[in-house]
Amino acid sequence: MSMFRNPFDPETKLHSAGCTCHSCTATGAKDDTPDSREGLIDRVVESALVREVFGHHDESRRNFLRLAGGGTLAAAIASVLPLDAVKAAVKESGGPLEKKDLKVGFIPITCATPIIMAAPMGFYAKHGLNVEVIKTAGWAVIRDKTLNKEYDAAHMLSPMPLAITMGVGSAAQPYYMPAVENINGQAITLAMKHKDKRDPKQWKGFKFAVPFDYSMHNFLLRYYVAEAGLDPDKDIQIRAVPPPEMVANLRADNIDGFLGPDPFNQRAVYEGVGFIHILTKELWDGHPCCAFAASEEFAKTQPNTFAALFKSIVDATHYAAKPENRAAIAKAIAPKNYLNQPEEVVAAVLTGRYDDGLGNKKNVPNRIDFNPFPWHSMGVWILTQMKRWGYIKGDVNYKQIAEQVYRAADCGKIMKELGYTPPKTTYAKYTIMGKAFDPAKPEVYVKSFKIKRA
Amino acid sequence: MWSLPLRAAILSVLLLAVLLGAWELAVQAPGAGARVPGPSKLFAHAVQELSHPFYDAGPNDKGIGIQLAYSIGRVLAGYSLAALLAIPIGFVIGMSPMWQRALDPYIQVLKPISPLAWMPLALYVIKDSGASSIFVIFICSIWPMLINTAFGVASVRRDYINVARTHELSRFETATQVILPAAAPTILTGMRISIGISWLVIVAAEMLVGGTGIGYYVWNEWNNLNLASVIFSILMIGVIGMLLDLLLARAQRLVQYAD
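Residues numbered from 1 in each chain as written. Chains lettered and ligands numbered in written order. Predicted model: local features only at pLDDT ≥ 70, side-chain atom pairs only at ≥ 80, totals over all residues. Heavy atoms only, no water.

A. Inspection of the overall build of chain A at higher detail. If you tally the helices and strands in chain A, you get 20 helices and 16 strands. For chain A, with 454 residues in total, the buried portion stands at 59%. In chain A, the share of contacts with a sequence separation of at least 24, taken over all contacts with a separation of at least 6, comes to 75%. For chain A, the exposed area adds up to about 17,700 Å²; of that, 53% sits on carbon and sulfur atoms. (Helix = DSSP H or I, 4+ residues; strand = E, 2+ residues; numbered from the N terminus. Buried < 20%, exposed > 50% of the residue type's maximum accessible area, 1.4 Å probe, protein only. Contact = heavy atoms within 4.5 Å. Areas by Shrake-Rupley, 256 points an atom, 1.4 Å probe, with all protein chains shown as cover.)

B. Inspection of the pairing of strand S6 (residues 186-191) of chain A at higher detail. Residue and element names in this part refer to chain A. With respect to burial, S6 is a largely interior element, six of its six residues being buried. Pairing geometry for S6 and strand S9 (residues 257-261), over five bridges, is antiparallel. Bridge pairing in S9 links Gln-186 to Pro-261. When S6 meets strand S10 (residues 274-279), the two strands line up antiparallel, connected through five bridges. (Pairing = 2+ DSSP bridges.)

C. View of the sheet that holds strand S2 (residues 130-135) of chain A. All names here are of chain A. With mixed pairing, the five strands of this open sheet are ordered in space as S2-S1-S3-S11-S4. For this open sheet the edge positions go to S2 and strand S4 (175-180), each flanked by a neighbour on one side alone. Averaged over all adjacent pairs, the angle separating strand axes in this sheet is 30 degrees, with direction ignored. (Axes fitted to C-alpha atoms, helices over the stretch in contact; angles between N-to-C directions.)

D. Focus on the confidence of the model for chain A. All names here are of chain A. For chain A, per-residue confidence averages 82 on the pLDDT scale, and residues scoring 70 or more make up 79% of the total. In this model, residues 23-29 is a region of pLDDT below 50 whose contacts with residues beyond four sequence positions or in other chains number 13 contacts. Counted against residues more than four places away or in other chains, residues 85-93, with its pLDDT under 50, gives 16 contacts. (pLDDT = per-residue confidence, 0-100.)

E. Examining the interface of chain B and chain A more closely. Taken together, the contact pairs 27 residues of chain B with 27 residues of chain A. Both faces combined, the contact of chain B with chain A buries some 2,300 Å², and carbon together with sulfur accounts for 48% of it. Scanning the region where chain B abuts chain A turns up two salt bridges. In this structure, the salt-bridge partner of B:Glu221 is A:Lys336, at a minimum N-O distance of 3.1 Å. For the pair chain B and chain A, the number of links is five residue pairs in polar contact (both at pLDDT 80 or more). Elements supplying a minimum of two residues to the side of chain B that touches chain A: helix H5 (119-126), helix H8 (171-209) and helix H9 (214-223) of chain B. Sort the elements by how many residues they give to the side of chain B that touches chain A and H9(B) lands first, with seven residues. Residues that form the side of chain B that touches chain A fall into these classes: 14 nonpolar, eight polar and five charged. (Buried area = accessible area lost by both parts, 1.4 Å probe. Salt bridge = Lys/Arg side-chain N within 4 Å of Asp/Glu carboxyl O. Polar contact = N/O pair within 3.5 Å; in protein donor to acceptor, adjacent residues only side chain to side chain. Nonpolar A, V, L, I, M, F, W, Y, C, P; charged D, E, K, R; others polar.)

Structure follows, in structure tokens:
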């Protein structure tokens, strides 16, 4: 192929193989196509640049080289353009990007912080992508738009890629979850009138909202009330409500409370309609919440673009994990184009210095935190809860599904490339509200609960 | 004494002033609790929005003019498709009692379905949210046009058709030269009802699917509980709906005839 020929050799032709122009019918150039992948990338970059310099006029390039020599040309180009930097940039992203203009969907909540901030703060651009982040009305719509390929990738709840892969609640399509977005960052918010009912045992008959059936919110709320002895299917009512509509519903007295994402817990406090009963980090510190997800097809057919996108997200997630960056991030994502929330509300969530709605000033720096690593044990825990509440039936191959969907190895590789240390294992034991979870024994764990559907 | 239209106009303005005055007073009255923004705040907001109606600050933040243009575009696309299908079929139904009986049960079942109920199915099958919104407009605007066309065609006076027959006009010529002009006012009434319904439905459809359009604008402002923007967009939806209706009313006047 002509793009692999040495552009600094006056005898080579950069015209394509079938070209019959005068200069291509003469022969004489030696074929010295580099045989390593790195060498090939270098050659393609050089060739493209040299073509550009001579305005794709091959005859003038060859005349110039005969007179001045290849070294002169290389030096001349390097003097105006750092050739090594260009080569390095292309190599870093694993070869040329198949597609640069991407659409990524998000729901306007702080869980999506890395996905959103990567646009205004330049993390996508840094990895050569031009990404439009598109605000979406709800989880069902974001799922359908991603399945439709209107979005190349999207912000999802961490149980969703598992459910989609298994075809639970949607058409089955293999999905990847390359990275977790945020850990913690949710809360149970109750209406002001319940400020004396702080014990979940008193919640019989309450109506709660969660963002979606396949959400950590649903599973954590069910877990929380079940630990207090209430059956979430019989003693309380749980309905799926898009997060942005939760505050309006709480004000209208349609619901008694919600386990929802921020900024809506804080927004309920800001509006004076609710108070923060408990942060989810007090139930399970470090629980996963939202995720970055894409179809297996996208990852396989456009591997370089996928890698660049993946890298931008991991990069942004690490940036967001640093407390000193949080105020600047709040400023970047609060405007109308992104979250469309008052900056002080977003800042209260991200910095963890907030008012709980009952007059207490709290300081919880990891109220929300960001860590991209998709632990397989998190996937297994989610599957155990799906089994527990009857969302999936029969035998579940917990490990196999979690390992297929949660791309821990890929994430670890990218973390390493970016200079972070990934964990050595992909399974960890958790303690959730004082009860131990061992990912090696998922079935025993499901059976150990008193209140369950399975 | 003043003429009737002038007196009506003065009354209209007085009513508006009283209403806005009461609203403003109610909002500014002392007391606690969340309040709807008053007319003065709303006016300031409207001036600000309308002075940059076409700004584009990224995919999720566009001016009211751009959002309205998206919605109008979708309504016109779905509505035109519906008209292209409904008017010929309505003609067939109106001219043939057999077709009318054969199709009637389907029309009766499909007509009362809320167009938004089609949305999940449309998203799944069409695999494009923009096209799905257009489909929803199509499915909601087709019925009034279809039924009115059929009714208009069926109730053309027999005399006209008999005269056409004595002039030895073919069936096609009768349809285009006699029945069409005679049924035109009824057809236009159907079209006028349809455009009104389409405009009602697009707002709901866009709130559901999001992305662009005036429905998305309302939803986005609702997220932020920004009632000034919500009320402002309600007014804009009303104004555009009125203009669309006015347009069809003009067209209707063009085809009106006296018996």
